[in-house]
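Chain and residue survey
The lines below spell out each chain.
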Amino acid sequence: MTVLIVGATGSIGRLVVAEAVRQGHAVRALVRSAGKAARLPTNVETVIGDVTRPETLTAAVEGVDAVVLTLGSEGAGKAGAEKVDYGGVRNILLELGSRPARIALMTAIGVTNRTGDYNRRTEAHDWKRRAERLVRASGRPYTIVRPGWFDYNAADEQRIVMLQGDTRQAGDASDGAIARAQIARVLVESLTSPAAENKTFELVAEQGDAQPDLDPVFAGLDRDAPNALDAVRDVDNQPLNDEPQRVRDDLDGGLPKR
């Protein structure tokens, strides 16, 4: 496959690039500058562009079979959350147009928690959840991964566990932890697993060894309901009628369907 990595120079994105190369894919990385491109392996194609500027994304999506989105706006506040966490996903989907491409989107554990201090300050959960909805509404095959706390797992906690319903919402590492490298592995392997198609899950690690084959783990999950905007078993606490009009417009035919 030709796989586009969006967020390729971030702490997860760099590992996704390495994992996709290891699995034999042709990797294209979207980067914001030549300086950032220089940080990536020489066998990775780089395209300079910015997810907040749709006119810079045409070359990035040309001929791709799949897209992994690990972009994030950490520290950029409410405006950044809308512009990057949501707007970046929106712009990639728009630029893909009618091109068939599978999507793997990384958001976060606790993304349905709207009342916690973090979301009240940043609205990051709300905008990430809206991005999830765009992916589901696009009609493309997808996997949405909501990882726990990066690299807070102990050395003997390598067994990959996938949960649904987003019930862990303490807002700290007690919600679950997962190694960055394992997140990258799950994102890349989901692209070629029929068992992972149209599924949304929280991702953590527990005591034990990592599974050599993730297909049985993917297979144990429920698929999202056809034509549903939210993940299976998610709490219904973000009514569409209360969403900003620009978001409703995107969902109501504003984005090209496959």
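Residues numbered from 1 in each chain as written. Predicted model: local features only at pLDDT ≥ 70, side-chain atom pairs only at ≥ 80, totals over all residues. Heavy atoms only, no water.

Looking now at the overall build of the protein chain. Scanning the protein chain for helices and strands turns up 9 helices and 10 strands. Computed over its C-alpha atoms, the radius of gyration of the protein chain comes to 17 Å, within 12% of the 18 Å expected for a compact globule of 258 residues. C-alpha extents for the protein chain along the principal axes are approximately 45 × 40 × 35 Å. Counting across all 258 residues of the protein chain, residues that qualify as buried make up 53%. In the protein chain, the proportion of contacts linking residues at least 24 apart, taken out of those at least 6 apart, comes to 76%. Only carbon and sulfur atoms are counted for the fraction: they give 49% of the accessible area of the protein chain, which is about 11,000 Å². (Helix = DSSP H or I, 4+ residues; strand = E, 2+ residues; numbered from the N terminus. Rg over C-alpha atoms; globule rule 2.2 N^0.38 Å. Buried < 20%, exposed > 50% of the residue type's maximum accessible area, 1.4 Å probe, protein only. Contact = heavy atoms within 4.5 Å. Areas by Shrake-Rupley, 256 points an atom, 1.4 Å probe, with all protein chains shown as cover.)

Moving on: the pattern of salt bridges. Counted according to the given criterion, the structure contains 26 salt bridges. One salt bridge in this structure joins Arg 246 and Glu 82, with 2.6 Å as the shortest N-O distance. Here the residue Arg 246 occupies a position in helix α9 (residues 245-254), and Glu 82 occupies one in helix α4 (residues 77-96), the gap between them amounting to 164 residues. A salt bridge links Asp 234 to Arg 146; the nearest nitrogen and oxygen atoms lie 2.7 Å apart. Taken together, the residues Asp 234 in the loop between α8 (215-219) and α9 and Arg 146 in strand β6 (residues 142-147) connect sequence positions 88 residues apart. Residue classification places Asp 234 among the buried residues on the basis of a relative accessible area of 14%. Beyond isolated ion pairs, a larger network of salt bridges with shared partners links Glu 132, Arg 136, Arg 146, Glu 202, Asp 224 and Asp 234. (Salt bridge = Lys/Arg side-chain N within 4 Å of Asp/Glu carboxyl O.)

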